[in-house]
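Survey of secondary and tertiary structure
So you can see what is in the structure, the chains are spelled out below.
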Amino acid sequence: MGSISFSSPSMNKAEGIPYFTPANNAGAAANPESPDTPTLFRPLQIRNVTLKNRVIVAPMCMYSAESDPTSPAVGAFTDYHIAHLGHLATKGVGLVITEAVAVQPNGRISPNDAGLWQEGTESEQFKGLRRVVNFAHSQGAKIAIQLAHAGRKASTVSPWLASQRNKRSVKADESVGGWPSNVVGPSGGEEHIWASDDQFWAPRELTTDEVEEIVRAFARSAELSVKAGVDVIEIHGAHGYLIHQFLSPVTNQRTDKYGGNFENRIRIVSEVAAAIRDVIPTGMPLLLRISATEWLEKQNVAAQTGSWDLDSSIELAKRLPDLGIDFLDVSSGGNHKDQRIEPHTNYQIDLAGQIRSKIHADGQKTLVGAVGFITEAESARDIVQGAEEAHANEAMLSGQEPKADAVLMARQFLREPEWVLNAAKKLGVKISVPFQFARGLL
Ligand SMILES: Cc1cc2nc3c(=O)[nH]c(=O)nc-3n(C[C@H](O)[C@H](O)[C@H](O)COP(=O)(O)O)c2cc1C
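Residue indices begin from 1 for each chain and proceed along its sequence in written order. Thresholds applied to this predicted model are a pLDDT of at least 70 for local features of residues and 80 or more for the giving and counting of side-chain atom pairs; totals over whole chains, interfaces and linings are not thresholded and use all residues.

1. Description of the overall build of the protein
The secondary structure listing takes helices from DSSP runs of H or I that are at least 4 residues long and strands from runs of E that are at least 2 residues long, numbered from the N terminus. Helix and strand counts for the protein stand at 13 helices and 13 strands. As a reference, a globule follows 2.2 Å times the number of residues to the power 0.38, and the radius of gyration itself is taken over C-alpha atoms. Relative to the globule expectation of 22 Å for 442 residues, the C-alpha radius of gyration of the protein, 22 Å, shows essentially globular dimensions. Judged by the C-alpha coordinates and their principal axes, the protein covers about 75 × 55 × 45 Å. As a rule, residues whose C-beta atom has 12 or fewer other C-beta atoms within 10 Å are exposed, those with 20 or more are buried, and those in between are partly exposed; C-beta atoms are placed from the backbone. Across the 442 residues of the protein, 52% fall into the buried class. Note that contacts rest on C-beta atoms placed from the backbone: two residues are in contact if these are within 7 Å. The contacts in the protein between residues at least 6 apart in sequence include a share of 72% that link residues at least 24 apart.

In structure tokens, the structure reads:
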């Protein structure tokens, strides 16, 4: 019997998954090279990886992994994560970043966080990640993993449990899978508790050997991530988690090689980046998320020590090419309870813009991501418009300097998973849509 053959790529079966689904590639502009296509819908090349557009799903903890430390599935991604991240991958984003994935068990924010510390490729953590990655790829999306260690903010219950007690956070003890005696930070003791002591545990100070082991843990998780097929790695250095705690002179009062002057405080970033670069392909992008300021500039707590501020971030940003970091994801805050955020429209986007402008003035090309309160297609478009032009001509060509090379969005994707498809419509950009959704979208 003869078979009917279709030349249309729409009939192509997606690779890497054991069932049929057409190989979707939603969110790619029909005509990315056209001058009428906004930069938002033009590809972004980072090393050997090309994002089909500049919309990135920001990392979002879902507190939905197994918490029982005796279960082989502790910390593993499940069908829930395929449904959640996979749905976003189907709906046309350029890159999906997973939630923070802990490189050590005590680096989880809550017992229900994801992790990638189990060894080998037969572990549930590895297999769970690989399934999520394979599904994202089948939908034409690139996927990044955010590697993290929560440091002194670890071992708390999931936010919805805390809110049942009208609190933003509640300590997790052993009865719910927590690890009170193994919450760690650059500096230890009661005075280093993040926020009030009924919400967080007092950290114990890490030894120098333990810091070195954490660096190796980041590299081990990165190596496994590569084996699982992830396209991009992001180091979580923001929001008062362990790496941020090391960066800040307020939370890092160590006297060894990881504390003291700027060089010593950023050592953990340099070592983590170098250790990751050693085990990932040269063509794989490496991203770093930081808090551009911890909003302590005018606070007493930083009067003696100084704080991690915008100048510190700019100084760090200038070193990123030497560290093998390609993209700086600019967030802010989260390291100290006395933080005083001065919010105004786009306050965090402006931080990204200032860093980008400074590093470009220095002739550097490290890519910058902007995040925070982005909800509208037009504002996302304006943030990156012109960013793909030759750097020197950017401002001249587009009339204003772009604030970033890509936008990251979190909460809007919880409200509107098909944001990219809707944004394309609003901006008049013709893009491909997922085949199965076409009747609802076209
Ligand atoms: C539910 C939720 C979970 C989050 N988890 C993470 C995380 O795992 N890692 C991280 O770096 N930021 C995390 N964030 C912060 C977001 O990535 C983002 O920076 C922040 O929500 C601001 O962006 P938005 O205004 O688009 O939501 C989380 C935010 C939300 C809403």
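2. Re helix 6 (residues 262-279)
Owing to its 3.6 residues per turn, the α-helix aligns residues three or four sequence positions apart on the same side. Helices are assigned an expected span. That span is 1.5 Å times one less than the residue count. When the terminal C-alpha atoms of helix 6 are compared, their 27 Å separation across 18 residues agrees well with the 26 Å that a helix rising 1.5 Å per residue should span. The angle between axes fitted to the seven residues ending at a residue and the seven residues starting there is what we call the bend at that residue. For helix 6, the principal kink sits at Ile268 and spans about 35°. Inspection of helix 6 places Arg265, Ile266, Arg267, Ile268, Val269, Glu271, Val272, Ala273, Ala275 and Ile276 among the buried residues, and these make up the whole buried set. Contacts made by the buried residues of helix 6 are with helix 4 (208-228), strand 9 (232-237), helix 5 (242-247), strand 10 (286-291) and helix 7 (310-323).

3. Some words on helix 4
Taking 1.5 Å of rise per residue, the 21 residues of helix 4 would be expected to cover 30 Å, and the 31 Å separating its terminal C-alpha atoms lies within 8% of that figure. All buried positions along helix 4 are accounted for by Val211, Ile214, Val215, Ala217, Phe218, Ala219, Ser221, Ala222, Leu224, Ser225 and Ala228. Residues of helix 4 that are buried sit in contact with strand 4 (95-102), helix 2 (124-138), strand 6 (142-148), strand 9 and helix 6.

4. Some points on the pairing of strand 4
Strand 4 sits mainly inside the fold: eight of its eight residues count as buried. Inspection of the sheet shows strand 3 (residues 55-57) paired to strand 4 by two bridges, in the parallel sense. The partner of Ile56 across the bridge, within strand 4, is Leu95. Pairing between two strands is assigned when DSSP locates at least 2 bridges connecting them. For strand 4 and strand 6, the ladder comprises six bridges, and the chain directions are parallel. In the sheet register, Ile97 faces strand 6, and the bridge partner there is Ala144.

5. Thoughts on the pairing of strand 12 (residues 367-371)
Within strand 12, five of the five residues are buried, which leaves it mostly tucked inside the rest of the structure. Alternating residues of strand 12 divide into Leu367, Gly369 and Val371 and Val368 and Ala370, and every residue in both groups is buried. The pairing of strand 11 (residues 327-331) with strand 12 spans four bridges and is parallel. Across the sheet, Phe327 pairs through a bridge with Leu367, a residue of strand 12. The β-α-β motif built from strand 11, the intervening helix 8 (residues 347-361) and the parallel element strand 12 has right-handed crossover chirality. When the strands point away from the viewer, a crossover counts as right-handed if the route from the first strand across the helix to the second turns clockwise.

6. Topic: unusual backbone geometry
Even without glycine at this site, Arg47 takes up a positive phi of about 50°. Here Arg47 shows up in the loop between strand 1 (44-46) and strand 2 (49-51). Residue Trp295 is not a glycine yet carries a positive backbone phi of 60°. Counting through the fold element by element, Trp295 comes out in the loop between strand 10 and helix 7.

7. Digging into the nonpolar core
Within soluble globular proteins, side chains that are nonpolar tend to cluster in buried spots. Ranked by internal contacts, the top residues of the largest apolar core, which has 124 residues, are Val96, Phe218, Ile233 and Val407. In terms of residues, this core owes the most to one element, helix 4, which gives nine residues. Each nonpolar core reported here comprises buried Ala, Val, Leu, Ile, Met, Phe, Trp, Tyr and Cys residues connected via C-beta atoms within 7 Å.

8. A closer look at the site of the ligand
Around the ligand there are 20 residues in total, and Ala58, Pro59, Ala100, Ala410 and Arg411 lie nearest to it. Every element with two or more residues in the shell around the ligand is listed here: strand 4 and helix 11 (411-415). Looking at the shell around the ligand, its residues break down into 11 nonpolar, six polar and three charged. As used in this record, a residue near a molecule or strand is one whose C-beta atom, placed from the backbone, is within 6 Å of it. Three classes are used: nonpolar for Ala, Val, Leu, Ile, Met, Phe, Trp, Tyr, Cys and Pro, charged for Asp, Glu, Lys and Arg, and polar for all others, with Gly counted as polar.

9. Thoughts on the packing of helix 6 against helix 7
Convention adopted: a line fitted to C-alpha atoms gives each axis, helices being fitted over their contacting stretch, and angles between N-to-C directions are expressed from 0 to 180 degrees. Two numbers describe how helix 6 lies on helix 7: the axes approach to 11 Å, and their chain directions differ by 35°. Like other packed secondary-structure pairs, helix 6 and helix 7 cross with a definite hand, here right-handed. Counted together, Phe262, Ile266, Ser270, Ala273 and Ala274 of helix 6 and Glu315, Leu316 and Leu323 of helix 7 form the full contact between these two elements. Tallied by class, residues from the contact of helix 6 with helix 7 come to six nonpolar, one polar and one charged. For any pair of crossing helices, the crossing counts as left-handed if the nearer helix is rotated counterclockwise from the farther one by less than a right angle, and right-handed if it is rotated clockwise.

10. Comments concerning the packing of helix 7 against helix 8
For the pair helix 7 and helix 8, interaxial distance at closest approach is 10 Å and the crossing angle is 45°. Between helix 7 and helix 8, the interaxial angle falls into the category oblique. Helix 7 and helix 8 meet at a crossing whose hand is right-handed. Here Leu310, Ser313, Ile314, Ala317 and Lys318 of helix 7 come into contact with helix 8, specifically with Leu351, Gln354, Ile355, Lys358 and Ile359. Residue classes in the contact of helix 7 with helix 8 are distributed as six nonpolar, two polar and two charged. Reported orientations rely on four angle classes, namely roughly parallel under 35 degrees, roughly antiparallel over 145, roughly perpendicular from 65 to 115, and oblique for the rest.

11. Points about the environment of Leu286
By the secondary structure assignment, Leu286 is in strand 10. Taking the number of C-beta atoms within 10 Å as the measure of exposure, Leu286 has 23 and is therefore buried. In sequence terms Leu286 and Leu323 are 37 residues apart; their C-alpha atoms lie 9.7 Å from each other. Residues within four places of Leu286 in sequence aside, it is in contact with Ile233, Ala273, Ile276, Arg277, Gly324, Ile325 and Asp326.

12. Remarks on the confidence of the model for the protein
The score called pLDDT rates the predictor's confidence residue by residue, from a low of 0 to a high of 100. For the protein, the average pLDDT comes to 94, and 95% of its residues sit at 70 or higher. Averaged pLDDT values over the elements of the protein bottom out at 51 in helix 10 (residues 394-398) and peak at 99 in strand 6.

13. What about the environment of Leu224?
Residue placement: Leu224 occurs in helix 4. The spatial distance from the C-alpha of Leu224 to the C-alpha of Val368 is 26 Å, given a sequence separation of 144 residues. Here Leu224 is in contact with Leu116 and Phe126, once residues within four sequence places are set aside.

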